[in-house]
Amino acid sequence: MGRAAIFLLPVPVLLAAAWGGPEVRSLRGSWRLGNGNGSVRLPAEVPGCVHTALHRRGLIQDPYYRFNDVMYRWISLDNWTYSRTFKTPFDIRKWQKINLVFEGVDTVAHILINNVTLGTTQNMFNRYSFDITGVIKEVNFVEVRFLSAISYAAEQSRYHTAYSIPPACPPPVQKGECHANFIRKEQRSFGWDWGPSFPTQGIWKDVRIEAYNYYHLIYFSLTPFFVKSTQQWNLEIESIFDVVSSKPIAGLVTVNIPKLQTQQTYNVKLQPGEGSIVLLVNINKSSTVEAWWPRGHGKQTGYNVTTTFVMEAGYQIEKFSKAYFRTVELVQEPIPGSPGLSFYFRINGRPIFIKGSNWIPADSFQDRVTYDKLWLLLKSAADANMNALRVWGGGVYEQDDFYDICDELGIMIWQDFMFACALYPTDQNYLESVRAEVSHQVRRLKSHPSIILWSGNNENEAAIAGDWFSIPRADRGVYIKDYVLLYVKQIRETVLAEDKSRPFVASSPTNGVESVKEGWLSQNPYDTHYGDTHFYNYSSDCWNWTVYPKTRFASEYGFQSWPSFSTLEKVSSTEDWSYTSNFSLHRQHHENGNDQMLQQIEYHFKLPQTTDPIKKFKDTIYLTQVMQAQCIKTETEFYRFSQSEIINGEGHTMGALYWQLNDIWQAPSWASLEYGGKWKLLHYFAQHFFAPLLPVAYEDKGVLYIYGVSDLHMDHKLTLKVTVHSWSSQEPVCTLAKDGVTVKAQSAVPIHKEPINDLLERCRNCTRKSCVVTFHLVGEGGLWSPTNHHFLSSLKDAVGLEKARLSAAVSQQDDIYVFDLQTTAIAPFVTLDVGSIKGRFSDNGFLMIEKKKVVVFYPWEPTSAEELEKSLTLTSLMDVT
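Since this is a predicted model, take the numbers as computed values, not measurements.

**Regarding the sheet that holds strand β37 (residues 693-700)**
Whether parallel or antiparallel, the strands of a sheet pair through hydrogen bonds between backbone atoms.
Next up, step 1: Spatially, β37-β38-β41 is the arrangement adopted by the 3 strands of the open sheet, whose pairing is antiparallel. Every interior strand has two partners, whereas the edge strands, β37 and β41 (747-755), have only one. On average, each strand axis in the sheet is inclined to that of its neighbour by 25 degrees, with strand direction left out of account.
Next up, step 2: In the sheet, strand β38 (residues 703-710) pairs with β41 via 8 bridges, with the strands oriented antiparallel.

Written out as structure tokens, the structure is:
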């Protein structure tokens, strides 16, 4: 690309240098982009990537449209170059050091300024800083020359001749690329079982020039500690500087936390090189510190902290930040009456049942993940009564906004390091890159109270223990040695050097301290008596709770469903709208996934028989969502009612994180939120099955048991109301009100037990097939639980179910919309859908028994009652024909 084609761009000012402080100038904005042979040239936004640049300029279609993930492979196979010129906005001679800083480069690139090579990048998760003091001019030309991630990974794999590092390639159904484990890049970008393969190239985070004298602050973190012996909170403040001065620099640091009447001044000395200052601030004992609590357990209080550095040379730095006070312990100790150990989190001294899901990247192209997109997804998690998410290890360490929102909403984060479902190399260069990555990410993230755990990888202990890659017995030792070297010697030791305030586990699933005892690799990481488990079973009937593991902690489990027709419509054409179309097969990246869904549906529902192809597709989509919601409801309720009991040595389940929260594109997956944020039926069900107070029913040997499950901090005396309806009438057959039921704080206790035969006899006109049980808890002061249901038979066998006539009147009240629903008969799984109008309902997919029900719609964008009424479709189970 000739220089003549480059135009000068003004550099936006990020920070004014008020008192001789550093000059920081962002190089965000418009760059030039060209491919390897110069045949494609275009302007491109930074931060950004090649795919979004091409799409924005109309040179390619939406990458998510139809089969474009495969059609656009050429983009990732080419080598692209980003370039721009910029005028230096300050006098170069004034500064001792000038750096070119990249917060994130994706992934393998040569960096040049004024035709001088500064260095290379090979890790998407690292921060790179290049000294340009000797090469910067008044007008500069900067280039980032990328190498195809696919080519680089293949080349690295070829160089590794000593032994193979499996897996070489993803299964063909994933339509992915090979050797993702040889590049420190978002692992899922080479393809996964719920997402496309788009191995992007681009400058995916901020890039800037930093000029300074004496020293420059690079990392700043606040870590709280509670000292039990003195009953006092301490705050550790760590500041890491690049010190240019050849001599140590002395100075004073003042820390001020006005709300806690705490102010302290320290004499400090910065050493040349990477100088760090660690201050221990004792919080004034006469001040009451309000802790940060997970959602549902208290407030998310934070305190403003001002830290002022006044050094004898250089300039004054004033740093404004927020301090949060919370402790976290991962408790692994013996349980009476059970072999093994517990596995639960204690926050601020209180055991917390973890309720939530697993987070994957919100888009294949990170520059499309805006604050608003993150807020919508995370707020939806909070609105479904979740208090935790696991940031899964095949994606990215999320952007700062993600963790800020989690801090604000009280969503705890189980943070994986970015290694997943693979073995990895351990050569010196690779280990050094990982060390820098881990050090950078922990320094960047450790101030967030939401992060409660560091976890070394996703399923890699299980991969070795379960011999996923058919490694000959004689060679196992090599891979075990590599495993310990990478996750224990490198990652764990780096984490502990940077952050002693949180627990660390080497993998998930793991047996925790039992795995450690077995040399960090347990024989069976899925042992229910230790640690956490991942559990998937698509062939057994999901209503049968006995197939689920009575584990200490369920950190992954799930079932697939299809997203709404309105979501698919945007990326498909008419010939795609069938369950067996090429498009439907192409979008399914999990082997036999579409058939498994139908098989699971058939256990309890009739498949659509209509000859209208589009109705058949829509009905099938609806049934997959009903099935998924009901399956995960059954499994999650099993985990919740297992929290206080030990049966045959198993139980004390203290966490339920289903797979998965969000979608990366429009396709069948395990998600409860569709791409774009629309709630699937599962997400509406989650609102109920994660409710702070919930009655849960299950059957065992012909007996109906109801448990009272509570996350509340006090015991409550409540009334349990059990109602039995026949499918053919909206009037109850019989009701039971049981007063004085004690539901214990933060427990699950049995509150009702009745043989099904006795129940059917009590409600004389009932058989298993003709009746349904609903139940809820109610107490004083407006305390109530959601109404839960228990089916006495499969719905395909239900007797007396009629096709209901459903209708809705829509009216506006302030900024929400009220849907007044009516039904002429009992209607299971009533679903309101307003197409692509963005927003969510207060409830959906419900069993409608009463003649009338009010549902509220919360819009995420301006709409009107007329528009909603026009877009509304009402579906219940009997509409599937």
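**Looking at the packing of aromatic side chains**
Next up, step 1: Summed over the entire model, instances satisfying the criterion amount to 67 aromatic pairs.
Next up, step 2: Seen in terms of ring centroids, Phe345 and Trp414 are 6.4 Å apart; in terms of plane orientation they differ by 65 degrees. Their pairing is edge-to-face. Of this pair, Phe345 sits in strand β25 (residues 344-347) while Trp414 sits in strand β29 (residues 412-416), placing them 69 residues apart in sequence.
Next up, step 3: Trp414 gets classed as buried once you look at its relative accessible area, which sits at 3%.
Next up, step 4: Their ring planes at 10 degrees and their centres at 4.3 Å tell us that Phe641 and Tyr698 sit as a pair that is stacked. Taken together, the positions of Phe641 in helix α14 (residues 613-641) and Tyr698 in strand β37 put the pair 57 residues apart, joining distant regions of the chain.
Next up, step 5: Of the residues examined, Phe641 reaches a relative accessible area of 2% and is grouped as buried.
Next up, step 6: On the accessibility criterion, Tyr698 (10% relative accessible area) is buried.
Next up, step 7: The structure contains a cluster of three or more aromatic residues connected by ring pairs, namely Phe535, Trp545, Tyr548, Tyr557, Phe638, Tyr639, Phe641, Tyr698, Tyr705 and Tyr707.
Next up, step 8: Against the face of Tyr64 rests Arg368, its NZ or CZ located 5.0 Å from the ring centre.
Next up, step 9: Just above the ring of Phe846 sits the side chain of Lys853; from NZ or CZ to the centre is 4.6 Å.

**Details of empty space enclosed by the protein**
Next up, step 1: Scanning all chains against the criterion turns up 7 cavities of 30 Å³ or more.
Next up, step 2: Approximately 80 Å³ is the volume found for the largest cavity.
Next up, step 3: Ala422, Leu423, Tyr424, Thr426, Asn460, Ile464, Tyr479, Asp482, Tyr483, Leu486 and Tyr487 are the residues that line the largest cavity.
Next up, step 4: Elements that contribute at least two residues to the lining of the largest cavity include exactly α8 (460-465) and α9 (476-498).
Next up, step 5: Looking at the lining of the largest cavity, the element that brings in the most residues is α9, giving 5 residues.
Next up, step 6: The class makeup of the residues in the lining of the largest cavity is 8 nonpolar, 2 polar and 1 charged.

**Quick look at the sheet that holds strand β49 (residues 852-859)**
Next up, step 1: Strand order in the open sheet made by the 4 strands is β44-β45-β49-β47, with antiparallel pairing throughout. One side of each edge strand has no neighbouring strand; the edge strands of this open sheet are β44 (806-813) and β47 (839-841). Across the sheet, the mean angle separating the axes of adjacent strands is 25 degrees when strand polarity is ignored.
Next up, step 2: Judged from the 6 bridges that link them, strand β45 (residues 816-823) and β49 form a sheet pairing that is antiparallel. In the strand pairing of β49, Phe819 is matched with Val855.

**Let's talk about the pairing of strand β5 (residues 41-46)**
Next up, step 1: Every second residue of β5 is oriented toward a common face, the buried set being Leu42, Ala44 and Val46 and the non-buried set Arg41, Pro43 and Glu45.
Next up, step 2: In this structure, strand β4 (residues 29-34) lies alongside β5, joined through 6 bridges in antiparallel fashion. Among the inter-strand pairings, Leu33 is bridged to a residue of β5, identified as Leu42.
Next up, step 3: Hairpin connection, β4 to β5: the antiparallel pair is bridged by 6 residues, and Gly38 has positive phi, about 80 degrees.

**What to know about the packing of α14 against helix α15 (residues 681-689)**
Next up, step 1: It is the contact of α14 with α15, at a shortest axis distance of 8 Å, that shows an interaxial angle of 25 degrees. Looking at the two axes, α14 sits roughly parallel to α15. Like other packed secondary-structure pairs, α14 and α15 cross with a definite hand, here right-handed. Of α15, the residues touching α14 (which contributes Gln625, Val626, Gln628, Ala629, Gln630, Ile632, Lys633, Thr636, Glu637 and Arg640) are Leu681, Leu682, Phe685 and Phe689.
Next up, step 2: Looking at the contact of α14 with α15 residue by residue, the classes come out as 7 nonpolar, 4 polar and 3 charged.

**With respect to the environment of Asp78**
Next up, step 1: Of note, Asp78 is situated in the loop between α3 (73-77) and β6 (81-87).
Next up, step 2: Discounting residues that sit within four places of it in the chain, Asp78 has contacts with Asn35, Gly36, Ser148 and Gln201.
Next up, step 3: In terms of polar contacts, Asp78 uses its side chain to reach the side chain of Asn35, at 3.1 Å.

**A look at the pattern of salt bridges**
Next up, step 1: Per the stated rule, a full pass over the model turns up 42 salt bridges.
Next up, step 2: Across the salt bridge formed by Lys185 and Asp106, the nearest N and O atoms sit 2.6 Å from each other. Of this pair, Lys185 sits in the loop between α4 (149-159) and β12 (190-192) while Asp106 sits in the loop between β7 (97-102) and β8 (109-113), and the two are 79 residues apart along the sequence.
Next up, step 3: The class for Lys185 is buried, based on a relative accessible area of 0%.
Next up, step 4: With relative accessibility at 3%, the residue Asp106 sits in the buried group.
Next up, step 5: A salt bridge links Glu329 to Arg346; the nearest nitrogen and oxygen atoms lie 3.1 Å apart. One end of the pair, Glu329, is in strand β22 (residues 328-331); the other, Arg346, is in strand β25, with 17 residues separating them in the sequence.
Next up, step 6: Arg346 gets classed as partly exposed once you look at its relative accessible area, which sits at 21%.
Next up, step 7: Shared partners join several salt bridges into a network, and the residues in it are Arg28, Glu103, Arg127, Asp206, Arg208 and Glu210.

**Let's talk about the nonpolar core**
Next up, step 1: With 156 residues, the main nonpolar core has Trp359, Phe417, Ile491 and Phe819 as its most contacted residues.
Next up, step 2: Considering each element in turn, this core owes the most residues, 12 residues, to α14.
Next up, step 3: Aside from chain neighbours lying at most four places away, what touches Phe819 is Ala808, Ala809, Val810, Leu832, Val834, Phe841, Lys853, Val854, Val855, Phe857, Leu868 and Leu872.
Next up, step 4: Judged by nonpolar contacts, the second largest core, of 37 residues, contains Trp31, Ile75, Phe86 and Ile111.

**Here's the deal with α9**
Next up, step 1: Over its 23 residues, α9 runs 32 Å from end to end, which matches the ideal 33 Å to within 8%, given 1.5 Å per residue.
Next up, step 2: If you check which residues of α9 are buried, you get Tyr479, Asp482, Tyr483, Val484, Leu486, Tyr487, Val488, Gln490, Ile491, Thr494, Val495 and Glu498.
Next up, step 3: Lining the buried residues of α9 we find β16 (232-243), α7 (428-445), β30 (451-455), α8 and β31 (504-505).

Cut-offs applied
Every residue gets a number counted from 1 within its own chain, in the order that chain's sequence is written. In view of the model being predicted, local features appear only for residues whose pLDDT reaches at least 70, and side-chain atom pairs are presented and counted only at 80 or more, with totals across whole chains, interfaces and linings using the full set of residues. Think of the side-chain values as coming from all heavy atoms in the structure, minus any hydrogens and water. When DSSP finds two or more bridges between two strands, those strands count as paired. Helix and strand assignments follow DSSP, with helices taken as H or I runs no shorter than four residues and strands as E runs no shorter than two, numbered in order from the N terminus. All axes here are fitted lines through C-alpha atoms, helices being fitted over the stretch that makes contact, and every angle between N-to-C directions spans 0 to 180 degrees. Working definition: rings of Phe, Tyr and Trp (its six-membered ring) pair if their centres are within 6.5 Å, and the pair is stacked with planes under 30 degrees apart, edge-to-face with planes over 60 apart, and tilted otherwise. Residue burial is assigned from relative accessible area. The probe radius is 1.4 Å, only protein chains are included, and a residue is buried under 20% of its type maximum, exposed over 50%, and partly exposed in between. To sit over a ring, a charge needs its Lys NZ or Arg CZ within 6 Å of the ring centre and within 35 degrees of the ring normal. Using a grid of 1 Å spacing that covers the protein atoms alone, one calls a set of points a cavity when a 1.4 Å probe fits there but cannot get out, and a pocket when the set is open and has protein on both sides within 12 Å along at least five of seven lines; lining residues are those with an atom within 4 Å of a point. Grid points are joined across faces, edges and corners, and a volume is the space filled by probe spheres set on the points. Think of it as three bins: nonpolar holds Ala, Val, Leu, Ile, Met, Phe, Trp, Tyr, Cys and Pro, charged holds Asp, Glu, Lys and Arg, and polar takes everything else, Gly as well. Any angle between 65 and 115 degrees counts as roughly perpendicular, while under 35 counts as roughly parallel, over 145 as roughly antiparallel, and the rest as oblique. Left-handed describes a crossing whose near helix is turned anticlockwise from the far helix by less than a right angle; the clockwise case is right-handed. In what follows, residue pairs with any heavy atoms lying within 4.5 Å of each other are defined as contacts. We call two N or O atoms a polar contact when they sit within 3.5 Å, provided that within protein one can donate a hydrogen and the other can accept it, with sequence-adjacent residues counted only if both atoms are side-chain atoms. When a carboxyl oxygen of Asp or Glu is within 4 Å of a side-chain nitrogen of Lys or Arg, the pair counts as a salt bridge. In this text, buried Ala, Val, Leu, Ile, Met, Phe, Trp, Tyr and Cys residues form a nonpolar core when linked through side-chain atoms within 4.5 Å. Helix span, as expected, comes to 1.5 Å for every residue beyond the first.

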